[in-house]
Amino acid sequence: MIRLENLTKQFPGMDRLAVNKLNLEVGKGEVCVLVGPSGCGKTTTMKMINRLCEPTDGKIYVDGQDTSKMNPIKLRLDIGYVIQQIGLFPHMTINDNVATVPKEKKWPKEKIKKRTAELLELVGLDPREHGGRYPSGLSGGQQQRVGIARALAADPPIMLMDEPFAAVDRITRSRLQNEFLRLQRELNKTIIFVTHDIDEAIKMGDRIAVLREGKLIQYDEPGKILSEPAGDFVANLVGRNRSIKRLHLIRAHEILEEEHWGVPLDTPREEIKERIEESVISTVMVIDEKGYLKGIIGRRAIEEKEGEKAEDLMEEVPDNVTDDATLNDALSVMLEIGEGYVPVVDADGLFRGTLTLNTLLDQVRSDKSAK
Amino acid sequence: MLNRILKFLIVPILLVGMGIGVVIYVVENPTDSMVARMLTYDFIISSMEKHLLMVFVSMLGAIAVGVPVGIMLSRPSFYYVGKVIENVVNVGQTVPSLAILALFFTFLGLGFNTAVFALWLYSILPILRNTFAGIMSVQPEVVESAKGMGMSPWRVLSKIELPIAYPIIIAGIRTAIVINVGTATLATFIGAGGLGDMIVTGISVRREMVTFTGAALSALLAILLDYIIGRIEKNLVRWS
Ligand SMILES: Nc1ncnc2c1ncn2[C@@H]1O[C@H](COP(=O)(O)OP(=O)(O)OP(=O)(O)O)[C@@H](O)[C@H]1O
Ligand SMILES: [Mg+2]
């Protein structure tokens, strides 16, 4: 889908090459993450792909076509671009910002309107609440979502995303990442994704290209980058706690256990007590007849509270993760709420099971012994 | 909607009313026969007309030249020329307006056309400078994301750069028009007429009422035009 051949860029007045003989191939529907320290040429590489910046040497093929022979405007209309600095148009409403490319492509008004609302919802914004606002009325994270919606607007087969989640806090970022991955499973776009955060690279990429001073150091699947880093540079980038990083690669639903300490709303006190004694985490989850998680009962609750049924004893659920969250996300939430477990729900909010700290530790241990 | 139009009209109506009040008062109550001979409705109206004509012709010409040249200088290939011209313009602005008029009258002779030409030249400066500065103030990442999404250079200019620079460009036009109305009173020195006639003759024959009429009318005119342009700007810019 995208092939870079000996791609080279020298900026005038710079003694080293910004991008140095880069060879890279990204298949259709793949997410390729460019990762590397600041100034290693990630943004420059992206800009050469949509021709915002002309290469000094080398070729770029998109769908087998040499881009230097294509009309740059046409090329760009079919490549969604999320710029590093967000770059929303300050004088246009959020709706108009998102509608930019459809307008350039002269879609009919009704279709644009529908598409805009659909996209805002897709990135988790309310079209009625946010659509009419100007970018200055949005938080940094919301602006970044608009930037992504804007790039997706005309459904381009290729997306270039330059640090799209840089402006949000850690928790929101991991949520956006999961949403993005879920979306990508549906949309199946060819994506080049830039980040300088190796954790993000491992989580998001089908393949990771590690760059250093314009050179490609390693191009491999995330698991390979972790297990066989090519040289000290990649090893340092990945860091020492590789087994913990591996938690990025495993999703909650892959290791969920059958035993989930769930009880119905009308369970009598005595039975709950027994279940708590048996439970590793000394807690049971209360589930309603439809399968939704309603509350939790811990040891303290059952000792202090009156009442004979689970319904009367349960307390509010501190937090949960979705079943497509990575084990790393689950670990963050556990640390956040200060418990040794976290309930897991599916996309519809139905209870799926519970992840415990012990399960995570087992994963890390088995990974260590495998090597 | 009607409410908005009314609100918009209150100040202009007030200013015009004050102007008409001044004119009626001085014509109906001249301090002596000399004043009565000078301040007739015909004379005041024709001075006003001439003044307005000078201002409008020179302003239209200045906008027609200042804005496009400002835009051109902001294109990347002209960037350094633009910086140089910006400095020249800043120096040019410090030359007193009377000196400019005097300078051109030596080349072009006396009369209305010379005055319009000098006013035109003098008004180009703030308009050109603000157009250039306004477009340069657009954040580079905004322009880059527009390009990156497949807008042609012309579309980037007309849909992104100009609308964002618009308040600054209008501010330049506002500055120019206020200077222009004031400077146009000096046109009387090269025989071009206008409200300056009243001010200068009033001084030379020591009739304060005549001077006052000319000064008051040109001041009211400057305030009125400034207000109107300011409102237009406010109504078109909702985003900042
Ligand atoms: N327009 C330019 N003119 C001159 N040098 C440039 C230009 N753009 C980038 N460079 C240089 O090229 C090198 C690569 O820059 P690039 O923006 O691609 O880095 P990056 O990997 O995206 O870094 P970051 O993570 O900080 O965004 C840097 O050394 C930078 O200074
Ligand atoms: Mg960058």
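The structure reproduced in this document is the subject of the present report. (Residues numbered from 1 in each chain as written. Chains lettered and ligands numbered in written order. Predicted model: local features only at pLDDT ≥ 70, side-chain atom pairs only at ≥ 80, totals over all residues. Heavy atoms only, no water.)

**A short note on a negative patch on the surface**
All names here are of chain A.
Next, step 1: Residues Asp266, Glu270, Glu271, Glu274, Glu278, Glu289, Glu306, Glu308, Glu311 and Asp312 make up a contiguous surface patch of negative charge.
Next, step 2: Breaking the negative patch down by element, the ones donating at least two residues are α14 (269–278) and α16 (310–313).
Next, step 3: Top contributing element to the negative patch by residue count: α14, with four residues.
Next, step 4: Here aspartate 312 is to be found in helix α16.
Next, step 5: Relative accessible area serves as the criterion here: at 43%, aspartate 312 is assigned to the partly exposed category. (Patch = residues over 30% accessible without salt bridge, like charges linked within 9 Å, V, L, I, M, F, W, Y side chains within 5 Å. Areas by Shrake-Rupley, 256 points an atom, 1.4 Å probe, with all protein chains shown as cover. Salt bridge = Lys/Arg side-chain N within 4 Å of Asp/Glu carboxyl O. Lys, Arg positive; Asp, Glu negative; His and termini not counted. Charge placed at Lys NZ, Arg CZ, Asp CG, Glu CD. Helix = DSSP H or I, 4+ residues; strand = E, 2+ residues; numbered from the N terminus. Buried < 20%, exposed > 50% of the residue type's maximum accessible area, 1.4 Å probe, protein only.)

**Observations concerning the sheet that holds strand β5 (residues 65–66) of chain A**
Consider a sheet: its strands pair through backbone hydrogen bonds, and that pairing is either parallel or antiparallel.
Residue and element names in this part refer to chain A.
Next, step 1: The strand order across the open sheet built from four strands is β2-β1-β4-β5, with neighbouring strands paired in antiparallel fashion. One side of each edge strand has no neighbouring strand; the edge strands of this open sheet are β2 (19–26) and β5.
Next, step 2: Of the pairings in the sheet, the one linking strand β1 (residues 2–9) to strand β4 (residues 57–62) comprises five bridges and is antiparallel in character. Residue pairing across strands places arginine 3 opposite tyrosine 61, the latter belonging to β4. (Pairing = 2+ DSSP bridges.)

**Description of the coordination of the magnesium ion (ligand 2)**
All names here are of chain A.
Next, step 1: In this structure, Thr43 (OG1) and Gln84 (OE1) serve as the protein donors to the magnesium ion (ligand 2), at separations of 1.8 to 2.4 Å. With threonine 43 in helix α1 (residues 42–49) and glutamine 84 in the loop between β6 (79–82) and α3 (94–98), the pair connects residues that are 41 residues apart, well separated along the chain.
Next, step 2: Under the relative-accessibility criterion, glutamine 84 is labelled partly exposed at 32%. (Donors = N, O, S within 2.8 Å, 3.2 Å for Na, K, Ca; no water.)

**Here's the deal with the pairing of β6 of chain A**
Residues and elements named next belong to chain A.
Next, step 1: Neither face of β6 is open: one carries Ile79 and Tyr81, the other Gly80 and Val82, and all of them are buried.
Next, step 2: Here β6 pairs with strand β7 (residues 158–162) via four bridges, running parallel. Looking at β7, one finds that isoleucine 79 is bridged to isoleucine 158.

**Concerning the side chain of serine 218 of chain B**
All names here are of chain B.
Next, step 1: Within the element layout of this structure, serine 218 appears in helix α10 (residues 208–236).
Next, step 2: On the basis of relative accessible area, serine 218 is assigned to the buried category, the value being 10%.
Next, step 3: Within the local environment of serine 218, its side chain forms a polar contact with the backbone oxygen of glycine 214, the two atoms lying 3.0 Å apart.
Next, step 4: Look past the residues within four positions of serine 218 in its chain and what remains in contact with it is Val181, Thr185, Leu195 and Ile199. (Polar contact = N/O pair within 3.5 Å; in protein donor to acceptor, adjacent residues only side chain to side chain. Contact = heavy atoms within 4.5 Å.)

**A word on the interface of chain B and chain A**
Next, step 1: Across the boundary between the two partners, chain B contributes 19 residues, which contact 22 residues of chain A.
Next, step 2: Between chain B and chain A, a total of about 1900 Å² is buried, with carbon and sulfur atoms accounting for 68% of that surface.
Next, step 3: For the pair chain B and chain A, the number of links is two salt bridges.
Next, step 4: Between glutamate 144 of chain B and lysine 47 of chain A there is a salt bridge; the shortest N-O distance is 3.3 Å.
Next, step 5: Taken together, the links from chain B to chain A amount to five residue pairs in polar contact (both at pLDDT 80 or more).
Next, step 6: Those elements that provide at least two residues to the side of chain B that touches chain A are α7 (140–148) and α8 (153–184) of chain B.
Next, step 7: When residues in the side of chain B that touches chain A are grouped by element, the largest group, seven residues, is from α7 of chain B. (Buried area = accessible area lost by both parts, 1.4 Å probe.)

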